[in-house]
Structure formats: C-alpha cells, structure tokens
Amino acid sequence: MTSGYYLVSKISGLPYYKYKGDALRLVNQIARTVDEIIVGIKDQPYLQSKVTTFKDSDGNIIERAIDFVGKPCRNRVYIRRDNVIGQDEYVTSIHAKEYTLQRALKDTHLQSVADGLPRTLFWSPVKFFTNHLSENIETGEKVLTQVKQTNLLKPQKEIHTFTEFPHIIKGKIEKTAKRILKFNVDILSGHKVSSKNVVELGTKLPQNDTFLGIRALDINDAKTAFTEKFIAERGLKNKRIKINPEYLPTDDKEELAKALFDPNEGSVNFVKGHKFTSKSEVCTTSRHETEHGWQFYLHARNTKGGTTEWEEKMYNLFKDLPNSLKKEAQNYTDSIRSYVTIAENRAQYRQNFIEKCANEKGAKARVLYDYERAEIQKEFPHIPQELL
Ligand SMILES: [Zn+2]
C-alpha cells in the first residue's frame with residue numbers, strides 16, 4: 001500500500017444479507033458473500049477508498065466495485081463459463097465488462113436504478129474482455145488467451161484484440177512472444193472489419209470470415225451484433241427495426257420462445273429467460289427473426305399499411321412496392337393472414353410459409369458462421385468454439 005494510506009477495515013466472506021455498505025451495483029444478481037477493503041488517507045479523515053467484491057454461491061466473482069477518492073467510480077461485472085475443447089482441454093472462460101461513472105452522476109444513477117431504468121444508463125463502457133484459461137488434462141499445459149473490445153464509445157472504430165500468452169508447461173512459462181491479432185470494427189456498417197491498422201504478431205488476419213467483427217463478442221452481446229449485421233445485409237437499416245436483447249415475455253407462449261419479431265413495434269426481441277449456449281445458436285435465431293422483419297416490411301407495403309403501427313409507418317415512408325417484389329410480398333401476406341401459431345398446432349406452425357423461409361435463412365447463416373470460424377480458430381485454438 002502507498003504511504004499516506006492506512007487500512008480502515010477489511011471484511012471477507014461476509015454473508016450478503018449482512019452487508020450494509022453502499023457500494024454501487026450494476027447487476028441485480030443476488031450475491032452470496034461480500035469482501036470489502038476500505039482504506040483511509042492520512043490527515044483527511046473524511047476521505048476513504050474502497051474495493052468491494054461480490055461473489056456467488058460457488059465463490060465466483062460476479063461484480064467488483066472500485067471506489068477511489070477523486071477518481072470516477074469503476075465497476076466490473078463478470079460472467080463465468082466452463083467449456084471443453086475436444087477430448088483433452090478444459091477451459092474456464094471469464095467474461096468481464098468494465099464501466100466508469102463520473103462521481104457527479106452518482107445520485108442520478110441511484111435515482112435511475114430506483115426508477116427501474118437500466119443500471120448502466122449513466123455509465124461509460126471502458127472495455128469488455130474474456131479470459132479463456134485452458135488446461136490440458138493429460139499434460140497439464142496451461143494457456144491463457146484474452147479477447148478484448150476497447151474504444152467502445154467510437155462505433156466506427158471499436159478495437160478488437162486477441163492475445164495468446166506464452167504457454168505454461170510444468171509450471172514454467174515458455175520463452176516465446178505473445179501472439180497478437182488486433183483490428184478495428186465498424187459497428188455502423190454492420191460490424192465490418194477494417195483492413196487498416198491491423199496488428200498481426202505471430203498471427204494472420206482471417207481473410208474469408210465475414211463474421212470476424214463478431215468473433216470477439218460474448219454470447220449475450222452477440223444478440224445485438226448479429227442482428228445489426230443481418231439488418232444491414234438485408235437492406236433493412238432505415239426501416240426502424242429495434243433490437244431488444246433482454247425482452248421480458250408477456251405471456252406463457254412468449255416465455256417458451258427464444259426470440260420473436262414483433263410487427264407492432266417493429267422489433268427483434270430476444271426473450272430474457274432463454275440462455276443461449278453458443279454463438280451459432282444466437283446466429284441462427286437472429287437471422288431467423290431478421291427475416292421476419294423483412295417479411296413484415298414487404299407485407300406492410302403490399303397491403304398499404306398492414307394492421308400495426310410500425311407497418312403503417314413503413315407504408316407511409318416507403319409507399320407501394322416495385323413490381324419485382326410484389327409476388328414475394330403477396331406470399332408473405334397470404335401466410336401472415338393464415339398463420340397458425342405454435343400453441344394452435346405445432347406441426348402446422350412449422351409449415352407456415354413465413355416460418356419455412358425464416359428457418360431456411362437461419363440455417364444457412366449458421367452453416368456459414370460455423371464454416372467461416374475455422375480461420376480464427378486455427379489462429380487461436382484454445383478458445384472454445386461455442387464462444388468464437
Ligand atoms: Zn419464426
């Protein structure tokens with residue numbers, strides 16, 4: 001500890017319900033235990049700095065709040081995933097998101113949380129990263145691969161970095177250099193990777209991976225990213241389609257779905273309770289729902305405004321369809337009008353024309369996504385493929 005500071009208190013393993021401190025929380029997941037270190041500054045009795053760590057029932061960190069005098073508040077939230085690569089590698093992947101909050105906004109933040117607004121509303125993202133620590137079950141060889149997203153407030157120049165650190169063999173660190181792949185991603189163009197300012201140290205930038213700008217993302221963040229990419233590719237960018245990655249279902253039927261397209265709002269909604277286990281699964285689902293967006297958009301123009309607010313808006317903005325799209329649109333309109341829901345009849349639901357088309361697009365996108373992953377996976381073989 002730097003001189004000038006002194007330890008005020010230290011608690012560890014305190015049951016959460018006994019914690020009376022005021023550390024800010026960005027996730028509302030209930031913790032099991034809390035660790036906290038408070039330090040004071042000599043001669044300034046009212047100033048204290050503290051680090052508070054919240055852990056779950058398995059002892060894994062779920063959040064850390066770093067509150068230093070004179071500095072912005074800083075919080076990190078963590079998600080842990082356990083994976084296996086092939087037969088012989090066990091990988092622990094810990095995803096972290098770091099945010100800061102200007103001290104002057106502390107009360108505003110607390111008020112907004114009390115009002116039920118998203119907890120990160122007034123916070124700025126600093127970096128998102130995942131540490132993948134793999135261990136070979138046979139040889140004990142350990143490899144740390146880190147994947148990082150920075151420059152998060154510049155949508156034209158988000159920076160993605162993949163780093164594989166020297167391996168640890170029999171407790172000794174190999175005398176090799178880090179391998180680094182670093183590139184810029186333009187979020188607004190549908191997550192395209194820029195060919196400028198690429199760093200390749202002991203690695204090569206994949207050349208045939210149209211999903212490269214999404215490979216670094218955590219599963220949950222990939223929901224929005226995939227959908228933005230597919231919206232851009234489907235020519236739906238100015239069609240006011242919203243994306244809700246944490247949609248709260250309104251009935252039992254929605255609760256069973258992974259995601260849905262809502263033609264009332266014009267939104268792709270990922271159902272909050274559904275846990276996606278791989279990015280391939282997110283990819284298929286996202287492409288499927290985006291296709292529904294396309295279908296309802298054509299239907300809106302085909303029927304001079306459809307039946308919902310968003311459909312009416314689409315017609316007012318884009319008017320009648322060109323002849324080349326009329327037949328396709330009519331097929332969607334027919335299917336929308338005779339739609340059989342999953343609750344009515346599961347088999348017939350699958351036979352809805354709009355579902356068949358959306359399933360086809362979703363399946364195709366997944367095949368491409370899985371196929372194109374091979375390049376980056378060859379560069380960084382210790383990252384589990386479900387997360388790439
Ligand atoms: Zn569907």
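Our subject is the structure listed above.
Nothing here was measured: the structure is a model prediction, and the numbers come from that model.

Caption draft 1: Just the overall build of the protein chain, in detail. Summing up its helical and strand segments, the protein chain has ten helices and 17 strands in all. Structurally, the protein chain occupies a C-alpha span of about 75 × 50 × 40 Å along its principal axes. Each of the 388 residues in the protein chain was classed as buried or not, and the buried ones make up 28%. Relative to all contacts within the protein chain whose residues are 6 or more apart in sequence, the contacts with residues 24 or more apart total 54%.

Caption draft 2: Summary view of the packing of helix H5 (residues 279-302) against helix H9 (residues 353-372). Running from N to C, H5 and H9 point in directions that differ by 140 degrees, and their axes come no closer than 8 Å. The angle between H5 and H9 falls in the class oblique. Where H5 crosses over H9, the two elements pack in a sense that is right-handed. Residues Ser280, Cys283, Thr284, Thr285, Arg287, His288, Glu291, His292 and Gln295 of H5 lie in contact with H9, whose contacting residues are Ile354, Cys357, Ala358, Asn359, Lys361, Gly362, Ala363, Ala365, Arg366, Tyr369 and Asp370.

Caption draft 3: Here's a closer look at unusual backbone geometry. Of note in the backbone geometry, His191 takes a positive phi value of approximately 65 degrees without being a glycine. As for its position among the elements, His191 is in the loop between strand E12 (179-186) and strand E13 (192-193). Backbone geometry at Asn197 places phi at a positive 55 degrees, although glycine is not the residue there. The topology assignment puts Asn197 in the loop between E13 and strand E14 (199-201). Given 10 C-beta atoms within a 10 Å radius, Asn197 is considered exposed.

Caption draft 4: Highlighting the sheet that holds strand E17 (residues 267-271). Reading across the sheet, the three strands line up as E15-E17-E16 and stay open at both edges, with mixed pairing between neighbours. The open sheet is flanked by strand E15 (242-247) and strand E16 (259-262), the only strands paired with a single partner. Direction aside, neighbouring strands of the sheet carry axes that sit 20 degrees apart on average. Strand direction decides the pairing type here: E15 and E17, joined by four bridges, are parallel. Looking at the pairing, Tyr247 lines up with Val271 of E17.

Caption draft 5: Region of the structure containing the nonpolar core. Counting 45 residues, the largest nonpolar core has Ile214, Ala222, Phe226 and Tyr297 as its most contacted members. Sort the elements by how many residues they give to this core and H5 lands first, with seven residues. Two domains share this core, each providing at least three of its residues, namely domain 2 (72-209) and domain 3 (216-372). With residues up to four places along the chain from it excluded, the contact list for Ile214 reads His191, Ala222, Ala225, Phe226 and Lys229.

Caption draft 6: Up close: the pairing of strand E6 (residues 89-101). Judged from the 13 bridges that link them, strand E5 (residues 73-85) and E6 form a sheet pairing that is antiparallel. Its bridge partner lying in E6, Asn83 is registered against Val91.

Caption draft 7: Here's a closer look at the packing of helix H3 (residues 219-233) against H5. With their axes 9 Å apart at the nearest point, H3 and H5 run at an angle of 40 degrees to one another. For the pair H3 and H5, the sense of crossing is right-handed. In this structure, H3 contributes Ile219, Ala222, Lys223, Phe226, Thr227, Phe230 and Ile231 to the contact, and H5 contributes Lys279, Val282, Cys283, Ser286, Arg287 and Thr290. Class assignment for the residues of the contact of H3 with H5 results in seven nonpolar, three polar and three charged.

Caption draft 8: Quick peek at the pairing of strand E3 (residues 44-55). Judged from the nine bridges that link them, strand E2 (residues 33-41) and E3 form a sheet pairing that is antiparallel. Along E3, the bridge assignment pairs Thr33 with Lys55. Turn length for the E2-E3 hairpin, with the two strands adjacent in sequence and antiparallel, is two residues, and the turn residue Asp43 shows positive phi of about 70 degrees. Bridge analysis of E3 against strand E4 (residues 61-67) gives six bridges, and the strand direction is antiparallel. Bridge pairing in E4 links Lys50 to Asp67. Counting the residues between successive antiparallel strands, the hairpin from E3 to E4 contains five residues, one of them, Gly59, with a positive phi of roughly 85 degrees.

What counts, and where the lines are drawn
- Residues numbered from 1 in each chain as written.
- Predicted model: local features only at pLDDT ≥ 70, side-chain atom pairs only at ≥ 80, totals over all residues.
- Helix = DSSP H or I, 4+ residues; strand = E, 2+ residues; numbered from the N terminus.
- Buried ≥ 20, exposed ≤ 12 C-beta atoms within 10 Å, placed from the backbone.
- Contact = placed C-beta atoms within 7 Å.
- Axes fitted to C-alpha atoms, helices over the stretch in contact; angles between N-to-C directions.
- Parallel < 35°, antiparallel > 145°, perpendicular 65-115°, else oblique.
- Left-handed = near helix turned anticlockwise from the far one by under 90°.
- Pairing = 2+ DSSP bridges.
- Core = buried A, V, L, I, M, F, W, Y, C linked by C-beta atoms within 7 Å.
- Domains from an automatic or database assignment.
- Nonpolar A, V, L, I, M, F, W, Y, C, P; charged D, E, K, R; others polar.

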